[in-house]
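# Chains, contacts and geometry: an overview
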Amino acid sequence: MAAPDLRAELDSLLLQLLGDLEELEGKRAVLNARVEEGWLSLAKARYAMGAKSVGPLQYASHMEPQVCLHTSEAQEGLQKFKVVRAGVHTPEEVGPGEAALRRRKGPAKTPEPQSSEAPQDPLNWFGILVPHSLRQAQASFRDGLQLAADIASLQNRIDWGRNQLRELQEKLKQLEPGAA
Amino acid sequence: MAGRGKLIAVIGDEDTVTGFLLGGIGELNKNRHPNFLVVEKDTTINEIEDTFRSLGSLLGSVVEAKPNEHDPPLWDEIDSTQFLHRDDIGIILINQYIAEMVRHALDAHQHSIPAVLEIPSKEHPYDAAKDSILRRARGMFTAEDLR
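Chain B appears in an unreviewed UniProt entry as V-type proton ATPase subunit F from Aotus nancymaae. Per UniProt, chain B has the following entry under Sequence similarities (unreviewed entry): "Belongs to the V-ATPase F subunit family." In its Function (unreviewed entry) section, UniProt records this for chain B: "Subunit of the V1 complex of vacuolar(H+)-ATPase (V-ATPase), a multisubunit enzyme composed of a peripheral complex (V1) that hydrolyzes ATP and a membrane integral complex (V0) that translocates protons. V-ATPase is responsible for acidifying and maintaining the pH of intracellular compartments."

If you check an unreviewed UniProt entry, chain A appears there as Vacuolar ATPase assembly protein VMA22 from Aotus nancymaae. The record held by UniProt for chain A lists under Subunit (unreviewed entry) the comment "Accessory component of the multisubunit proton-transporting vacuolar (V)-ATPase protein pump."

### A look at empty space enclosed by the protein
In this approach a probe as big as a water molecule rolls over the atoms, and the regions it shows empty are the leftover space. This model, assessed by the stated rule, comprises 1 cavity of 30 Å³ or more. When its volume is computed, the largest cavity comes out at roughly 150 Å³. Every residue lining the largest cavity is counted, 15 residues in all, and those nearest its centre are Gln155(A), His109(B), Val116(B), Ile133(B) and Arg136(B). When contributions to the lining of the largest cavity are tallied by element, the ones reaching two or more residues are α3 (132-175) of chain A together with β4 (115-119) and α6 (132-138) of chain B. For the lining of the largest cavity, the residue count by class is 4 nonpolar, 7 polar and 4 charged.

The rules behind these values
- Residues numbered from 1 in each chain as written.
- Chains lettered and ligands numbered in written order.
- Predicted model: local features only at pLDDT ≥ 70, side-chain atom pairs only at ≥ 80, totals over all residues.
- Heavy atoms only, no water.
- UniProt positions renumbered as here; feature names shortened; annotations may be inferred.
- 1 Å grid on protein atoms, 1.4 Å probe; cavity = no way out; pocket = protein on both sides within 12 Å on 5 of 7 lines; lining within 4 Å.
- Points joined across faces, edges and corners; volume = space filled by probe spheres on them.
- Helix = DSSP H or I, 4+ residues; strand = E, 2+ residues; numbered from the N terminus.
- Nonpolar A, V, L, I, M, F, W, Y, C, P; charged D, E, K, R; others polar.

Written out as structure tokens, the structure reads:
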């Protein structure tokens, strides 16, 4: 690859990296805000339910995760994360081009083993009737998890971009050893 | 476990862990060790490090401990509690003040999975200058490159 092409690619990569860093900073600020909101809601719940009523003593002895991470590899060495909630089903899609009528009863549904045992909502660890502040805390931390996956993807992209940048800089040095 | 996706682990103070468990990331059953660690005043740095280490070693980086230096049952116990050794963890959330205690282990972890995310705690707000990822990004250029 000629030096001018390498330089152009370097510039493009650098701009992308700077954009990713800016996006990372923005998402971090939002994540930190969500987590702080969550702590405040937990404190309110603790005030309503009692000091020892919201903590490790209430953790269940058996937990199933409601939230999982799916990873995908966009390019070689570049991992992307996506948060998937258990029990989320994609809606049935009916294209506009379909000429046939939809059957009212719908297509035959294949049995889904995981839907028979939905993971228990962690809110249930704290009692049947929980204060609204505890639900708010759960919502804040759930938002935080989505942001965490985005931030982790961005961090991976930045690391990957950094390695690509180094490789290109090395190639450029080999092509132009005398240039500064 | 195949097809279920990866887990999110959390190492933090009581409120941080309780909050994220409320969010639905917790896993705990008879056969598996938990994917969370509540760090309290009496939690030792070795315990935090043992729980955290393994994420990098899964992909072949250096593991300091050797099997023949431990009793076999103890080795198994350490192995199963370490988030880094588990191939089912995608992200580790860790309070930044706890990350500072095990900074050497974090800096040694160079792999993309699991990703390590530093988050603030109630007493210690987030400081971008201490974040491992941002410190690496800051060191991208030398003075020579900028001429």
